[in-house]
Amino acid sequence: MNSLLQDAARAGASVGMAADTITITGGTPLNGSVRVRGAKNLVTKAMVAALLGETPSTLRDVPKISDVRVVRGLLGAHGVKITDGDEDGELILDPSAVESAHFAEINAHAGSSRIPILFCGPLLHRLGEAFIPDLGGCRIGDRPIDFHLDVLRQFGAIVEKLPSGIRLSAPQRLRGTKVELPYPSVGATEQVLLTAVRAQGTTELRGAAIEPEIMDLINILQKMGAVISVDTDRVIRIEGVDRLEGYTHRALFDRNEAASWAAAALATEGDIFVAGAKQAEMGTFLNVFRKVGGVFEIQDDGIRFRHPGTPLNPVIIETDVHPGFMTDWQQPLVVALTKATGVSIVHETVYEQRFGFVDALIEMGATIQVHRECLGSQACRFGQRNFQHSAVISGPSALRAADIAVPDLRGGFSHVVAALSAEGASRVSNVGIISRGYENFFEKLTALGANFTLEA
Ligand code: EPZ
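This structure is a prediction, so every number in the text was calculated from the model and none was measured. (Residues numbered from 1 in each chain as written. Predicted model: local features only at pLDDT ≥ 70, side-chain atom pairs only at ≥ 80, totals over all residues. Heavy atoms only, no water.)

1. A short note on empty space enclosed by the protein
Inference 1: As enumerated under the stated definition, the model contains 2 cavities of 30 Å³ or more in all.
Inference 2: Computed from the structure, the largest cavity encloses a volume of approximately 50 Å³.
Inference 3: If you trace the largest cavity, you find it lined by L74, H78, I106, P116, F119, C120, L123, A130 and F131.
Inference 4: Its residues placed into classes, the lining of the largest cavity shows 8 nonpolar, 1 polar and no charged.
Inference 5: Here the second largest cavity is characterised by a volume of approximately 40 Å³.
Inference 6: Lining the second largest cavity are R37, G38, K40, P63, I65, D254, E257, G437 and E439.
Inference 7: Looking at the lining of the second largest cavity residue by residue, the class counts come to 2 nonpolar, 2 polar and 5 charged. (1 Å grid on protein atoms, 1.4 Å probe; cavity = no way out; pocket = protein on both sides within 12 Å on 5 of 7 lines; lining within 4 Å. Points joined across faces, edges and corners; volume = space filled by probe spheres on them. Nonpolar A, V, L, I, M, F, W, Y, C, P; charged D, E, K, R; others polar.)

2. Details of the pairing of strand β7 (residues 158-162)
Inference 1: One ladder, built from 5 bridges, connects β7 with strand β8 (residues 165-169); its direction is antiparallel. Across the sheet, K161 pairs through a bridge with I166, a residue of β8. (Pairing = 2+ DSSP bridges. Helix = DSSP H or I, 4+ residues; strand = E, 2+ residues; numbered from the N terminus.)

3. Looking at the sheet that holds strand β10 (residues 202-206)
Inference 1: Strand order in the open sheet formed by 4 strands is β9-β10-β12-β11, and the pairing between neighbours is mixed. Both edges of this open sheet fall to β9 (178-180) and β11 (227-230), since each of them pairs with a single strand only. The sheet shows a mean angle of 15° between the axes of neighbouring strands, taken without regard to direction.
Inference 2: Note that β10 and strand β12 (residues 235-239) share 5 bridges and pair antiparallel. In the sheet register, T203 faces β12, and the bridge partner there is I238. (Axes fitted to C-alpha atoms, helices over the stretch in contact; angles between N-to-C directions.)

4. What to know about the confidence of the model for the chain
Inference 1: When the pLDDT values of the chain are averaged, the result is 94; 95% of them are 70 or greater.
Inference 2: Low confidence marks residues 1-17, where pLDDT is under 50. Its contacts with residues over four positions away, or in another chain, come to 33 contacts. (pLDDT = per-residue confidence, 0-100. Contact = heavy atoms within 4.5 Å.)

Here it is as structure tokens:
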């Protein structure tokens, strides 16, 4: 094992923190097994939910990723005591001494994350005020927060835009309200849930996101004492309560990481068992994986994904909100589609600028064109606007090595997979981003037989 990996393993940190450039020699199929733990897009929100409890919470299967470290820092800045439990990946979060944090400290911790926006509801309930610094997150679209601020105003919060960020206050107790989201935003739905549970009266949310991560957050809030009913047709009703207790919960597995490794098995002609992956939350992905020609086996403790050994088929994919094909799955899968025999189409309907990553694939020899039109069966929000949000991928292409830089989290995974399936040695820089959402990424690559070296 490379000395950098040993140092990092000893430091208990994912090596992504240390190295920012990696040299990958392609051509080796990825074979073996990896384990996925709690979902980045649930665990970070579950940690924020602990703020709502009067007593400590215990969260299990928390992955060692930098987004978790960001939230840990932010909670610490607000007086939440966080300790590691006996089980690996167990966190105990004690909010009994919650206090306001100086905005400079919030800024220092917020870094590249969007999570601070979800602190609003809990802090307004606990402290009567909250502060949101400029938000980060992957540059895959404009990513406005208008839905969030609109719903917080509807609960009765006062929103002040300052040069340093946004200050919110609640002179009175927040009140239940009727909300209709213009688009089933995951973040805005979580905002409503984390605010309505302790608001006075009932909240009716229409147009809600119903992703598995949302359902698992609802499980957690119900464990804390909340009253939440999920109706058909994206309607969620929340009856506010006066007091919530801490929860004990094992986080839902990370279906985005599982789908990424499945795509890597296809692109490298490999065979990967993903321990911890489950069928129910990945139904739509498994259908597409099979249509491309991939073979999967559902086992009690995970899912095995492998290349069929025969040419891959082209497919037409339209990303959408759950239960549609998830936007976070398209970037890793596009690499595999460059090897399919024929023309695939990916119509990205969730984010308007999520094809920046294809430039590097084109440089490596892929045949990909991006278009402003909605190249799918349904016109989307971006149709009449000047966004390149559809991609036409013609294959099969033999990728060749190149020097490339990682643009964002899922784009980063796709770049590493492209280099692993290319002819020759690629230098991939800015790989530190990948550790935001993939735990022990380089250790897993090593376990799967990847041929690479890390540059300190
Ligand atoms: C969450 O982002 C995830 N991030 C994203 O995963 C994921 O892609 C996304 O949900 C969709 O599933 C986390 O959970 C931390 P949204 P979020 O609000 O909540 C527009 C990854 O790679 N919108 O559902 O920020 C927005 O611009 C990341 O793990 C508004 O217009 O996503 C986008 O077009 C990337 N105004 C759409 O809604 C608002 O106020 C969906 O955004 C809020 C959102």
